[in-house]
Amino acid sequence: MSYSITYYSQAVEAEILDLPTTLQARYVVLTRRMVEIGANLGEPHTQAMGDGLFELRLKGAEGIARVFYCALMGRRIVMLHGFVKKTPKTPLRALRIAQTRMKEIKSADT
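Quick look at the structure, then. (Residues numbered from 1 in each chain as written. Predicted model: local features only at pLDDT ≥ 70, side-chain atom pairs only at ≥ 80, totals over all residues. Heavy atoms only, no water.)

**Remarks on the pattern of salt bridges**
- Going through the model one piece at a time under the given rule, you end up with three salt bridges.
- Measuring nitrogen to oxygen at the nearest pair gives 3.7 Å for the salt bridge that ties Arg57 to Glu43. Of this pair, Arg57 sits in strand S3 (residues 53-60) while Glu43 sits in the loop between helix H2 (21-37) and strand S2 (46-50), and the two are 14 residues apart along the sequence.
- Taking relative accessible area as the criterion, Arg57 reaches 23% and is therefore assigned partly exposed. (Salt bridge = Lys/Arg side-chain N within 4 Å of Asp/Glu carboxyl O. Helix = DSSP H or I, 4+ residues; strand = E, 2+ residues; numbered from the N terminus. Buried < 20%, exposed > 50% of the residue type's maximum accessible area, 1.4 Å probe, protein only.)

Here it is in C-alpha cells:
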C-alpha cells in the first residue's frame, strides 16, 4: 500500500515547486520514494525534528533547500513549509512555521 502526499496549502505547493531546477528534481525523486516506502527515508535524505516533524533535505547545483513535513494516520504525508537554505543552521522562524502548521493539521485530523 502506498502513501499519499498533500500540501498544507496551495501557496506551500507553489513555494516548493518554484525551487531551482536541480532542487526540484531532487524533491521529485525523494517524494516518489516516500510514496513507496513512507515518510522516513533516513539520513542523509530526511531527518526527524521531533514530535512527528521531519525535514526533507535537498541538495543540488543551485544550493540547499529544506522541506518540513509530517506524517498522519492513513498513510498521508503533508508538506508544511519549504525554503532555500542560506545559512548552515536551519532558521528558527522556518522551524516555528512548520511546527505551527503541523499542530494545526494534526488537530484538524482528529
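Here the narrative resumes.
**A word on unusual backbone geometry**
- Pro44 follows Glu43 through a cis peptide bond whose omega is 10°.
- Counting through the fold element by element, Pro44 comes out in the loop between H2 and S2.
- A positive phi angle, near 60°, is found at Arg75, a position not held by glycine.
- Looking at the secondary structure, you find Arg75 in the loop between strand S4 (63-72) and strand S5 (76-85).

**Remarks on the nonpolar core**
- Counting 17 residues, the largest nonpolar core has Leu56, Leu58, Tyr69 and Met79 as its most contacted members.
- At the level of secondary structure, the elements contributing two or more residues to this core comprise helix H1 (10-17), H2, S3, S4 and S5.
- No other element matches the four residues that H2 contributes to this core.
- Sequence-distant contacts of Leu56, defined by excluding residues within four places in its chain, comprise Tyr27, Leu30, Thr31, Met34, His45, Thr46, Ala65, Arg66, Val67 and Tyr69. (Core = buried A, V, L, I, M, F, W, Y, C linked by side-chain atoms within 4.5 Å. Contact = heavy atoms within 4.5 Å.)

The values reported here are purely geometric and, on their own, carry no functional implication.
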